[in-house]
Every structure is written in structure tokens, then in C-alpha cells.
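One letter stands for each residue in the lines below.
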Amino acid sequence: MRNVLKVGITESKDKNKEPEFKMSLSGNIEEQTAAIANIHHMKIKQIAQLHNKLFEEALSDYFEALKAIVLAMNKHEEQQSNGKGKG
């Protein structure tokens, strides 16, 4: 199996600097898509087992949470690019 996706979070010694998320993708688009899809599938199965839900119920919950996270990240990035989030 090839390493298609590498993810890490680096924390700075500077307390005023936020941790930095780094992700490296290699391989072709099909390999990247399959790797990310497998991660999501694994997490949804774990959520379903943890909360005694059907896979479809956990999938719906996961999509709602993912949507909220992505929208919040987008808003944060927009604020940063407009200068509103700078100290």
C-alpha cells in the first residue's frame, strides 16, 4: 500500500501562534479520493458503533457535523483574508 495521505498538526513554541495543520497528498486523483473516502467511511462506522446507531443515521450526523466544520473554517479564512482576524 502506498502512502497517499499524510496529515499532521505542528504546535509552535510561541503561545500566540495557532497550531498549524499540514496535509500532503500524493498519487493520482483516484488514489487520493479513495484514501479520503476510506477515512470518512471508517469514522462513520466508528460513530455508528459508539452511539448504537445505524450506519445511515451516523452518516447523516456526520454530514451535518462536517458541513458545520467546513463552513466555520471557510468563515475563519475569509476573516483572515479580509484582515479581521489579525491580532
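Owing to the predicted nature of the structure, the values given are computational and were not obtained by experimental measurement.

*Asks:* Lay out the overall build of the protein chain in plain terms, naming residues and giving numbers.
*Replies:* The helix and strand tally for the protein chain stands at two helices and two strands. Each helix (α) and strand (β) of the protein chain, taken in turn from the N terminus, gives the series β-β-α-α. A compact globule built from 87 residues should have a C-alpha radius of gyration of about 12 Å, whereas the protein chain, at 17 Å, is more than 25% larger. Classification of the 87 residues of the protein chain by burial places 8% in the buried group. The long-range fraction of contacts in the protein chain, counting pairs at least 24 apart against all pairs at least 6 apart in sequence, stands at 18%. Here the protein chain displays about 7,700 Å² of accessible surface, and carbon together with sulfur accounts for 55% of that area.

*Asks:* Residue-level account of the pattern of salt bridges, with values.
*Replies:* Enumeration according to the criterion identifies one salt bridge in this entry. A salt bridge links Asp-61 to Lys-53; its shortest N-O distance comes to 2.4 Å. On the basis of relative accessibility, which here comes to 36%, the residue Asp-61 falls in the partly exposed class. The partly exposed category is assigned to Lys-53, whose relative accessible area is 33%.

Rules used throughout
Residues numbered from 1 in each chain as written. Predicted model: local features only at pLDDT ≥ 70, side-chain atom pairs only at ≥ 80, totals over all residues. Heavy atoms only, no water. Helix = DSSP H or I, 4+ residues; strand = E, 2+ residues; numbered from the N terminus. Rg over C-alpha atoms; globule rule 2.2 N^0.38 Å. Buried < 20%, exposed > 50% of the residue type's maximum accessible area, 1.4 Å probe, protein only. Contact = heavy atoms within 4.5 Å. Areas by Shrake-Rupley, 256 points an atom, 1.4 Å probe, with all protein chains shown as cover. Salt bridge = Lys/Arg side-chain N within 4 Å of Asp/Glu carboxyl O.

On their own, these measurements won't tell you what the molecule is for.
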